[in-house]
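Observations on chain architecture
Listed here are the chains, written in short residue letters.
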Amino acid sequence: MTDSKNGAAGKLAGWFSSRSSGLSRCVIPVAAVVLLVVIPLVVESLYNLHILIMVFFYVIAALSLRAIVISGQFPLGHAAYMGIGAYASGMASKWLGLPPGLSIVGAAVFTMIIGILVAYSFARLRALYYAMGSLFLGVAIVQILNAGGTWTGGYSGLSGIPPMFDNSKVTWYYVALGLLILSALALYRFESSRIGTNLKAISQSHLVAESVGIDEAKYRILAVAVGSFFVGLAGAGYAHYVGTIATSNYNFMATMWLFMYVLVGGINNFYGPIVGTFILILIPEYFRSLKTYSPFISAGILFLFVYLMPNGFAGLFELAVARIKGWRAGRTGNAAAD
Amino acid sequence: MLLQIEGLTKRFGGLTAVDGFTAHVDEGEIVGLIGPNGAGKSTLFNLITGVFPPTKGKIVFDGRDITRKKPHTVAELGIGRTFQLNLLFADFTVLQNVSASSQVNPRSSLFDMYFNTRRYRRNEARIAERSLEILQLLGLENYKDELARNLPHGFQKMLGVARALATSPKLLLLDEPLGGMNPSEIDFSLEAIAKARDSGATVLIVEHNMQILSLCDRVVVISFGQKICEGLPQEVRENEEVISAYFGGEHAST
């Protein structure tokens with residue numbers, strides 16, 4: 001730490017002023033994790049825990065979408081991969097009797113393999129063509145799941161998916177939170193290493209990226225593989241938590257919601273999808289009493305964010321940090337002048 | 001011979017952009033490739049770097065056939081290039097542009113990158129150091145934290161060169177390094193290319209600005225996809241066929 005000689009106060013200020021130091025980047029995530037760990041000890045309402053468990057799984061899904069989006073690919077069928085994970089794990093444990101823990105991990109790997117196979121065939125598609133291709137593939141996946149008869153439960157959905165552990169809300173809360181923390185750490189490392197830099201380079205100009213030696217196809221497939229693994233994981237975990245799944249949870253609208261989580265949270269920031277998912281699930285959930293109007297509220301929130309915070313909510317936070325830094329710099333500058 | 005091009009042909013539908021082109025570049029040489037607009041110069045660059053495959057012909061670089069290799073492989077083998085249009089990583093800073101372009105030497109595996117191994121950290125430290133050196137060489141060090149999209153045109157061109165240098169190329173391909181520059185930027189660029197020449201770099205320059213001739217050891221002239229002349233800058237400047245290609249047939253005859 002640069003400010004260590006100034007004691008505790010200097011250290012605290014250092015957390016805000018030097019964003020490059022490892023410690024400063026940890027403070028807010030660690031505080032958030034501590035808060036989330038404490039919540040079940042304080043909050044007794046099972047309904048509130050249920051909402052948070054749902055949020056945790058969807059944060060994993062939104063983060064997985066981000067891993068693909070930073071490479072400049074817009075997978076408009078991403079929620080369908082969540083469905084693949086959910087159905088694969090649900091069917092494997094219901095029909096084949098696999099223990100849920102095993103089937104969840106297996107389903108994530110299975111989703112990743114499907115993702116890689118598709119990514120290979122989509123390697124030549126870019127921008128709009130990739131988006132259209134993945135959109136129709138997503139529709140096809142949902143239709144295949146609908147046509148699965150008793151195996152998938154068809155239109156009425158797959159029910160009776162075996163639960164995990166004692167199936168209490170508090171247990172699930174910590175399982176989901178644990179999965180979220182592990183996934184977020186894994187994806188954070190993915191993005192902040194040179195791998196993430198190369199993906200962002202490809203999204204800015206695939207011609208330039210190739211010209212300096214970045215293998216575009218390899219990296220794009222890698223991004224899809226990682227994204228598919230984690231969205232499969234989220235889908236599978238969620239399926240065992242709720243016990244009943246239906247294909248309507250994984251259609252185009254569901255993908256749009258995932259995109260909204262990422263965009264409202266802020267596309268330029270790793271924490272964007274986390275913040276966005278919390279906001280967009282929690283707010284409509286607590287306006288449930290308005291029932292038919294809740295989509296309007298969500299749409300209103302989206303408009304507000306697009307107009308007021310083009311960099312999303314996480315972007316707003318960055319702006320605040322920059323202001324504080326500017327204010328502190330101004331103050332020390334004045335002190336020097338005196 | 002570092003680069004050897006033999007009978008290269010590229011057809012886009014009915015249009016023959018490059019037609020049986022043969023040329024070579026020796027080590028330590030600066031070769032100018034000049035010709036009027038639409039002569040096939042940029043297509044030739046794209047063929048050499050593998051952006052698209054040739055219809056016919058062969059490209060040998062450093063003893064290896066690179067005819068149908070992909071761009072990233074060509075870059076790995078040691079050909080760095082700039083683009084005629086200012087293509088860059090617009091949302092990266094100047095420094096990030098150069099360090100993101102340092103993929104080849106040193107090279108980290110995916111495993112090293114993900115698990116932040118000692119080798120990866122050492123490589124990244126070396127890349128950071130060398131990126132700064134490259135920026136200093138090209139006079140961009142004061143703009144290192146500026147977003148690339150905010151740079152003036154001439155500096156973006158120089159950043160393109162910096163990016164190409166970051167790949168530690170054995171051969172540097174510059175696509176219209178003087179295009180759209182004002183006179184002072186042109187002087188600056190010519191100086192930078194001269195510096196590169198003095199340090200022993202091998203460069204192939206595409207340009208239709210004839211000022212570049214003063215820097216070249218040898219000049220190849222291309223028109224309608226075919227080589228019409230090759231020689232010392234002085235010879236080329238006085239060649240009848242070149243003059244007619246640039247100024248039209250009538251001018252040449254009067």
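A quick note: this is a predicted structure, and the numbers were derived from the prediction, not measured.

Residues and elements named next belong to chain B. Pairing geometry for strand 1 (residues 3-12) and strand 2 (residues 15-25), over 7 bridges, is antiparallel. Each bridged residue has a counterpart across the sheet, and for Gln 4 the counterpart in strand 2 is His 24. Taking the residues that link successive antiparallel strands as the turn, the strand 1-strand 2 hairpin has 2 residues, and the phi of Gly 13 there is positive, at about 60°. Pairing of strand 1 with strand 4 (residues 56-61), which is carried by 5 bridges, proceeds in the antiparallel orientation. Opposite Leu 3, over in strand 4, you have Phe 61 as the bridge partner.

So, about the packing of aromatic side chains. In total, this model carries 22 aromatic pairs over all chains according to the counting rule given. Sitting above the plane of the B:Phe83 ring, B:Arg81 keeps its charged end 4.1 Å from the centroid.

Looking now at the interface of chain B and chain A. Contacts between the two partners involve 31 residues from chain B, matched on the other side by 26 residues from chain A. Both sides of the chain B and chain A interface together cover about 2,300 Å² of buried area, and 62% of this is carbon and sulfur. When the buried surface of chain B facing chain A is broken down by residue, B:His72, B:Phe89 and B:Tyr114 rank first, second and third, together holding 28% of it. In this structure, the connection of chain B to chain A is made through 1 salt bridge. One salt bridge in this structure joins A:Arg194 and B:Glu124, with 2.7 Å as the shortest N-O distance. At the junction of chain B with chain A, the criterion picks out 13 residue pairs in polar contact (both at pLDDT 80 or more). Listed by contribution, the elements that provide at least two residues to the side of chain B that touches chain A are helix 2 (71-77), strand 6 (79-81), helix 3 (94-100), helix 4 (110-115) and helix 5 (118-137) of chain B. Residue contributions to the side of chain B that touches chain A peak at 4 residues, all from helix 2 of chain B. Grouping the amino acids of the side of chain B that touches chain A by side-chain chemistry returns 17 nonpolar, 7 polar and 7 charged.

All names here are of chain B. Looking at chain B as a whole, the pLDDT averages 87, with 97% of positions reaching at least 70. For chain B, helix 10 (residues 249-253) is the element with the lowest average pLDDT, namely 51, and helix 3 is the one with the highest, namely 95. Scored by ipTM, the complex comes to 0.89, with pTM at 0.86.

Thresholds applied
- Residues numbered from 1 in each chain as written.
- Chains lettered and ligands numbered in written order.
- Predicted model: local features only at pLDDT ≥ 70, side-chain atom pairs only at ≥ 80, totals over all residues.
- Heavy atoms only, no water.
- Pairing = 2+ DSSP bridges.
- Helix = DSSP H or I, 4+ residues; strand = E, 2+ residues; numbered from the N terminus.
- Phe/Tyr/Trp six-rings, centres within 6.5 Å; stacked < 30°, edge-to-face > 60°.
- Lys NZ or Arg CZ within 6 Å of the ring centre and 35° of its normal.
- Contact = heavy atoms within 4.5 Å.
- Buried area = accessible area lost by both parts, 1.4 Å probe.
- Salt bridge = Lys/Arg side-chain N within 4 Å of Asp/Glu carboxyl O.
- Polar contact = N/O pair within 3.5 Å; in protein donor to acceptor, adjacent residues only side chain to side chain.
- Nonpolar A, V, L, I, M, F, W, Y, C, P; charged D, E, K, R; others polar.
- pLDDT = per-residue confidence, 0-100.

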